[in-house]
Amino acid sequence: FRCGDALAMLVADPGPWDFVLLDIWKELYLPCFEAFYPKLSEEGVIAADNMIEPEMARPEVRAYRAAVQAKADMQTALLPIGSGIELAVKWSAGNPKL
């Protein structure tokens, strides 16, 4: 675990990332995704919490979900567990496990 500015630490870390848990201020979901996505390993998993509640965060949540869904190599599903968990996996077309 590291303590500090999440976005700055993501930018500074060379990666690769196998697992990312997003459970921070919702306005940081999209900037953080943009910072770690290029460093996400093949078959890397993202678990993003609070995708359904709180209701006031839905504009940020929708922007994050749209950005993930726009990536051709990302598979994603919203799970109605607790306040909602979005699970996404980086899975490129050339992956021999397909």
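Going by the structure above, here's the rest.
Owing to the predicted nature of the structure, the values given are computational and were not obtained by experimental measurement. In this convention, every chain numbers its residues from 1, walking through the sequence in written order. Two thresholds apply to this predicted model, a pLDDT of at least 70 for residue-level local features and 80 or more for giving and counting side-chain atom pairs, whereas whole-chain, interface and lining totals are computed over all residues. Only heavy atoms go into the side-chain values, all of them from the structure, while hydrogens and water stay out.

1. Examining the overall build of the protein chain
Selection rule: Secondary structure elements are taken from DSSP: a helix is a run of H or I of four residues or more, a strand is a run of E of two residues or more, and numbering for both begins at the N terminus. Only C-alpha atoms enter the radius of gyration; for comparison, a globular chain is expected to reach 2.2 Å times N to the power 0.38, where N is the number of residues. For the exposure calls, accessible area comes from a 1.4 Å probe over protein chains only, and a residue counts as buried if that area is under 20% of its type's maximum, exposed if over 50%, partly exposed in between. The accessible surface values rely on the Shrake-Rupley method and a 1.4 Å probe; as for residues, cover is taken only from the protein chains in view. Here Asp and Glu are counted as negative and Lys and Arg as positive; His is not counted, and neither are the chain ends. For the purpose of locating charges, the reference atoms are NZ of Lys, CZ of Arg, CG of Asp and CD of Glu.
Helix and strand content of the protein chain: three helices and four strands. Secondary structure of the protein chain in N-to-C order comes out as α-β-α-β-α-β-β. Taken against the 2.2 N^0.38 rule, which gives 13 Å for 98 residues, the C-alpha radius of gyration of the protein chain at 13 Å falls within 12% of a compact globule. With the C-alpha coordinates aligned to their principal axes, the bounding extent of the protein chain is approximately 40 × 30 × 20 Å. Here the protein chain holds 98 residues, and the buried ones make up 34% of them. When the accessible surface of the protein chain is split by element, carbon and sulfur atoms take 62% of a total near 6,000 Å². Looking at charge distribution, the protein chain has the averaged site of its 9 positive side-chain charges lying 3 Å from that of its 14 negative ones.

2. What to know about helix 3 (residues 58-69)
Going by this rule: The span expected for a helix works out to 1.5 Å for each residue beyond the first. The arc refers to the directions leading from the helix axis to the C-beta atoms.
Look at helix 3: 16 Å from first C-alpha to last across 12 residues, which is about the 16 Å you get at 1.5 Å a residue. The set of residues buried in helix 3 consists of Val61, Tyr64, Ala67 and Val68. Buried residues of helix 3, viewed axially, fall in a sector of 130°; they line one side. Opposite the packed face of helix 3, turned more than 90 degrees from it, sit the exposed residues Pro59 and Arg62.

3. Remarks on the packing of helix 2 (residues 29-36) against helix 3
Rules: In this analysis an axis means a line fitted to C-alpha atoms, helices contributing only their contacting stretch, and an angle means the value between N-to-C directions, from 0 to 180 degrees. If an angle is under 35 degrees, it is roughly parallel; if it is over 145, roughly antiparallel; if it lies from 65 to 115, roughly perpendicular; otherwise it is oblique. Contact between two residues is taken to exist if any of their heavy atoms lie within 4.5 Å; hydrogens are not considered. Note on residue categories: nonpolar means Ala, Val, Leu, Ile, Met, Phe, Trp, Tyr, Cys or Pro, charged means Asp, Glu, Lys or Arg, and polar means any other residue, Gly included.
Running from N to C, helix 2 and helix 3 cross one another at 25°; their axes reach a closest spacing of 8 Å. Between helix 2 and helix 3, the angle falls in the class roughly parallel. Along the contact surface, helix 2 presents Tyr29, Leu30 and Phe33, while helix 3 presents Ala63, Tyr64, Ala67 and Val68. Residues belonging to the contact of helix 2 with helix 3 are distributed by class as follows: seven nonpolar, no polar and no charged.

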